[in-house]
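# Architecture at a glance
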Amino acid sequence: MKKLFFLLLTLLGASNLFAQKTTSLSIKFDNFIGNDPVELNTKSYKNQAGEDFNISLLQYYVSNIQLVKKDGSVYTVPQDDSYFLVRQNRPETQTITLKDIPQDKYVGINFIIGIDSARSAAEIGYRKGCLDVAGDAQDMYWAWNSGYIFVKMEGSSPQSTLKENIFMYHIGLFGGIGDKKTLNNIRNVSLAFNKETIKLKAGKVAPVIRIKMDASKILNGETTVSIAKNPSVMGGPYSAKIAENYKSMFSYNGIGMPAPTEKTSLGLK
Amino acid sequence: MKNKIYPTLLLLFGLMVLFSFKRVRGNDDENLFAIPSNFPKPTYHFKSNPLTAEGVELGKTLFYDAIISSDNTVSCGSCHQQSAGFTQHGHAFSHGVNDLLTKRNSMPLYNLAWSTSFGWDGGVHDLDLFAISPITNPVEMNESMANVLDKLRKSQNYPSLFKNAFGSEEINTERFLKALSQFMLTMVSANSKYDQYMRLEGVELDEKELAGLEIFKQKCASCHAGELFTDYSFRNNGLGVAKVEDLGRFEVNQQESDKHKFKVPSLRNLGYTAPYMHDGRFETLEQVLDHYAGKVVKSEYLDPILQQNGKLGISLNSDEKMKIIAFLKTLDDDYFIKKESFSESSLKTVIPKKDILDDVKKLSFGNEKHQLIMNESLVLYLKLKDAILKKETNKAAVLANKLTLSLDRIERKNLDIASRVYFDKVFQGIAFDADHIIEGKALAEHQFDHFGELSANMFRLMSSFKPSDKPLFYYESSEKKFSWLSNLSNEESTPTIKQYQFKDLKKRALLP
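Residues numbered from 1 in each chain as written. Chains lettered and ligands numbered in written order. Predicted model: local features only at pLDDT ≥ 70, side-chain atom pairs only at ≥ 80, totals over all residues. Heavy atoms only, no water.

Turning to the overall build of chain B, a few remarks are in order. Regarding its fold elements, chain B presents 20 helices and seven strands. Of all 512 residues assigned to chain B, the portion counted as buried reaches 54%. If you take every contact in chain B between residues at least 6 apart in sequence, the share linking residues at least 24 apart comes to 68%. Total accessible area computed for chain B in this model is approximately 24,300 Å², and 55% of it derives from carbon and sulfur atoms. Side-chain charges in chain B split into 65 positive and 67 negative, and the spacing between the mean points of these groups amounts to 2 Å. (Helix = DSSP H or I, 4+ residues; strand = E, 2+ residues; numbered from the N terminus. Buried < 20%, exposed > 50% of the residue type's maximum accessible area, 1.4 Å probe, protein only. Contact = heavy atoms within 4.5 Å. Areas by Shrake-Rupley, 256 points an atom, 1.4 Å probe, with all protein chains shown as cover. Lys, Arg positive; Asp, Glu negative; His and termini not counted. Charge placed at Lys NZ, Arg CZ, Asp CG, Glu CD.)

Below, the structure is given as structure tokens:
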């Protein structure tokens, strides 16, 4: 018994010695409509259907992040630290920080839009941080049809037929559980850093990876979404069309240096 | 150094082992949850939420506490009443805050540990997650989860209740939801005559009941299967679309083929849970069987079992119907309905209630005619009380109608603003409960439920406007949420009242 404990202690010590050198890395999401940064309420935009609109609310989940190394292998961010809710009205949520990334050369990033089906079906004990249905996720969760809203955009347009000309796109649905199938509006995103290689080194300030999110793609893509025809899309079949549109709303937007204030992580802890 | 550390480590390890056993053993506590020998294995994940006496107690307190709703008027227990098999007495649609109506018939709560999905459309897959739906629904409790937790954190009693249940005073989403589940999981209904017969506990079914069971097995059990009387699937049993279309399962998964399908419900405790079906369209079991026998509506997604060999419905003659009903009655679990530990009165911590006197204001009717109307209305009210207590349901319906008409004679335009606003609000409340007394002509319990609230409003009117000098008394039983007005100072000792065995009866004098 004593010997076993010695062995354990030695192993622990050794693993500390050879511990991988790590650093943290930030990602900044820049929300745009086409080439204009999103401005809530005040600015008017035009969609492909020729309709004018403004945006009053824009928020989305990004999760299951992987960093692609130069040799083609990937580093997967630990599951519990890999859920982020980006909100247009809360700038601090637009920069996310990944901790303990092994030092290496990275050429790309993979993530999903939404919450993976395992976590969407998980027990309440696994819904912490931005997944807390009584906390941060409060306005991103459907209670009667249990599941998270992945992408939420609201605003108004003179073309909308709803009261006060509002429109609402609340897109979720993770595929259902077992034989109880639903639509699956989770979408995978893979972005290369445009042939750049980002070298991460412990003890050195890491650059900020900038990712552009073009919310106009929610309306303009394979399907031209008309606000007049579909002012409110939530659980219905049409949500799949919007998901097909939003799967290409992210693009790599270069690297920048961290601003002194950007250091907020809203992952699970 | 070495010599000291290892024993300590070993001790710690040992403690951990002990502790985890104790935790897991929690749900083996027969008093809290036990699998009836005629039941299959439950589906709930007890491992991650082992039941403890303290957890169940906390869950029960939360279940009966209206603090969970936005205006502190509606608790889970308002729509899920034990005496009605944890549905709402006599309601097709239930009342939430501001007396808004739910879209569907309240579901009975029992044997939830075996369910594979929750709600008529099965939109929630885990019992722990269900409560969020009524809490945040504008027509149920209309509250935000964050606000509920905040109210609990600031309350007198909850931090210590959470500490008892979970080891620290922290109140968070997980603990709140798990505690509610713990209480609901204890609601096992398995003590009906049928269960005792199946478990060979010396109870026999009579001939009619046995014949009914046989017919049931042939004609109903393909959907209402096994000891839980449901296969938990979603099906269309030919009800035909109601005035307000409800797409059922389709709303959850958008599968065309699931339009108008609903969860096959269990069939226990039907004697207490009327009305029936997701929209409460049938008042009686006779109507249900008449539906299956001859009124099944053909639609694209009607279940194939209900349209075999080109024939709609299930062939049943009136003798067979009668036998099935006799059998269904053996599924009523009187023990469950009366079990003390499920009731609000068994709570160890008394839930603080808003005092009705806080609602009383100093107002005036301004003229004698109005005072006369009020006094005439009071006479009608007292007659109504008599009819309610004697369960003369038809008479009560007539009197409730008269009472509203009488009060409606008050000319609002002649009142000062404060009095008018107050009167209007209270009058609307009275008219609402009176309507239900009128509607519930066939159901004494339903009338009884509404009369308590109507009385509270009469009290508000009488004590705010004080139209008369005659002494008046207000009796209140918090246990049954019943209350009434009387001009007798000792009405609690009359035989009519005594038969109700009100516990914790409070009396207040309402002097001029």
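Now that the structure has been shown, we can carry on.
Another point: the interface of chain B and chain A. Contact with chain B, which involves 34 residues of that partner, is made by 31 residues of chain A. Of the roughly 2,500 Å² buried at the junction of chain B and chain A (both faces included), carbon and sulfur atoms supply 62%. Summed over the shared surface of chain B and chain A, the result is one salt bridge. For Lys-128 of chain A, the salt bridge is made with Glu-174 of chain B, and the minimal N-O distance between the two is 3.2 Å. Taken together, the links from chain B to chain A amount to nine residue pairs in polar contact (both at pLDDT 80 or more). The element that contributes the greatest number of residues to the side of chain B that touches chain A is helix H1 (residues 2-25) of chain B, accounting for five residues. (Buried area = accessible area lost by both parts, 1.4 Å probe. Salt bridge = Lys/Arg side-chain N within 4 Å of Asp/Glu carboxyl O. Polar contact = N/O pair within 3.5 Å; in protein donor to acceptor, adjacent residues only side chain to side chain.)

Look at helix H18 (residues 417-439) of chain B: 33 Å from first C-alpha to last across 23 residues, which is about the 33 Å you get at 1.5 Å a residue. Near the N-terminus of H18 of chain B, the side chain that reaches the backbone nitrogen of Ala-418 of chain B, with its oxygen 3.2 Å away, is that of Asp-416 of chain B. (Expected span 1.5 Å × (residues − 1).)

Next up on the list: the state of the cysteines. All names here are of chain B. Enumeration according to the criterion identifies zero disulfides over all chains in this entry. For Cys-76, which is in no disulfide, the shortest distance to another cysteine sulfur is to Cys-79 and amounts to 8.7 Å. On the accessibility criterion, Cys-76 (16% relative accessible area) is buried. Not part of a disulfide, Cys-223 finds its nearest cysteine sulfur in Cys-220, a span of 8.9 Å. (Disulfide = S-S within 2.5 Å.)

All names here are of chain B. Under the definition given, this model contains 45 aromatic pairs over all chains. Centroid distance Trp-484 to Phe-502: 5.5 Å. Interplanar angle 35°. Geometry classified as tilted. One end of the pair, Trp-484, is in strand S6 (residues 482-486); the other, Phe-502, is in the loop between helix H20 (495-498) and strand S7 (505-510), with 18 residues separating them in the sequence. For the pair Trp-484 and Phe-502, one class covers both residues: buried. These aromatic residues form a ring-pair network of at least three members: Tyr-381, Phe-448, Phe-451, Tyr-475, Phe-482, Trp-484, Tyr-500 and Phe-502. The side chain of Lys-259 reaches across the aromatic face of Phe-250, ending 5.1 Å from its centre. One residue, Arg-412, lies across the ring of Phe-427, its end atom 4.8 Å from the ring centre. (Phe/Tyr/Trp six-rings, centres within 6.5 Å; stacked < 30°, edge-to-face > 60°. Lys NZ or Arg CZ within 6 Å of the ring centre and 35° of its normal.)

This next bit is on the pattern of salt bridges. Using the criterion set out here, one finds 42 salt bridges over all chains in the structure. Asp-136 of chain A is the salt-bridge partner of Arg-90 of chain A, the closest N and O atoms lying 3.7 Å from each other. Residue Arg-90 of chain A is found in the loop between strand S6 (83-87) and strand S7 (95-102), and its partner Asp-136 of chain A is found in the loop between helix H2 (117-120) and strand S9 (141-142); the two are separated by 46 residues along the sequence. We classify Asp-136 of chain A as buried; its relative accessible area is 18%. Linking Arg-508 of chain B and Glu-476 of chain B is a salt bridge whose minimum nitrogen-to-oxygen distance equals 3.4 Å. With a gap of 32 residues between them, Arg-508 of chain B in strand S7 and Glu-476 of chain B in strand S5 (residues 472-477) connect regions that are remote in the sequence. When salt bridges that share partners are traced, they join Arg-87, Arg-90, Glu-92, Asp-136 and Asp-139 of chain A into one network.

Further remarks concern the pairing of strand S12 (residues 174-177) of chain A. Residue and element names in this part refer to chain A. The pairing of S12 with strand S13 (residues 180-184) spans three bridges and is antiparallel. By the bridge assignment, Phe-174 is partnered in S13 with Asn-184. Here S12 folds back onto S13 in antiparallel fashion, the turn holding two residues, of which Gly-178 has a positive phi close to 55°. (Pairing = 2+ DSSP bridges.)

Further remarks concern the environment of Gly-254 of chain A. Examined against the element boundaries, Gly-254 of chain A turns out to sit in strand S18 (residues 250-256). Contact partners of Gly-254 of chain A, with chain neighbours within four places excluded, come to Val-208, Ile-209 and Arg-210 of chain A.

Now for the packing of helix H2 (residues 53-64) of chain B against helix H8 (residues 173-185) of chain B. All names here are of chain B. Axis separation between H2 and H8 bottoms out at 7 Å; the angle between their running directions is 95°. Comparing their axes, H8 and H2 come out roughly perpendicular. Counting all contacts with H2, which are made through Gly-55, Val-56, Leu-58, Gly-59, Lys-60, Leu-62, Phe-63 and Tyr-64, the residues of H8 involved are Phe-176, Ala-179, Leu-180, Gln-182, Phe-183 and Met-184. Grouping the constituent residues of the contact of H2 with H8 by class yields 10 nonpolar, three polar and one charged. (Axes fitted to C-alpha atoms, helices over the stretch in contact; angles between N-to-C directions. Parallel < 35°, antiparallel > 145°, perpendicular 65-115°, else oblique. Nonpolar A, V, L, I, M, F, W, Y, C, P; charged D, E, K, R; others polar.)

The next point concerns helix H14 (residues 318-329) of chain B. The periodicity of an α-helix, 3.6 residues per turn, causes residues three or four positions apart to be oriented the same way. Residue and element names in this part refer to chain B. With 12 residues, H14 should cover 16 Å at 1.5 Å per step; its first-to-last C-alpha distance of 17 Å lies within 8% of that length. Taken together, the buried positions of H14 are Lys-321, Ile-324, Ile-325, Ala-326, Phe-327 and Leu-328. Its buried side turned inward, H14 meets helix H9 (193-198), helix H10 (207-219), helix H12 (270-273) and helix H13 (285-295).

Before going further, it helps to examine the nonpolar core. Phe-250 of chain A together with Phe-176 of chain B are the most contacted members of the largest nonpolar core, which has 126 residues in total. For this core, the element with the most residues is strand S4 (residues 52-69) of chain A, which contributes eight residues. Contacts of Phe-176 of chain B, omitting those with residues within four sequence positions, involve Leu-62, Ile-68, Ile-135, Met-145, Val-148, Leu-149, Leu-152 and Phe-162 of chain B. If you look at the next biggest cluster of nonpolar residues, it comprises 48 residues, including Met-374, Leu-403, Ile-497 and Phe-502 of chain B. (Core = buried A, V, L, I, M, F, W, Y, C linked by side-chain atoms within 4.5 Å.)

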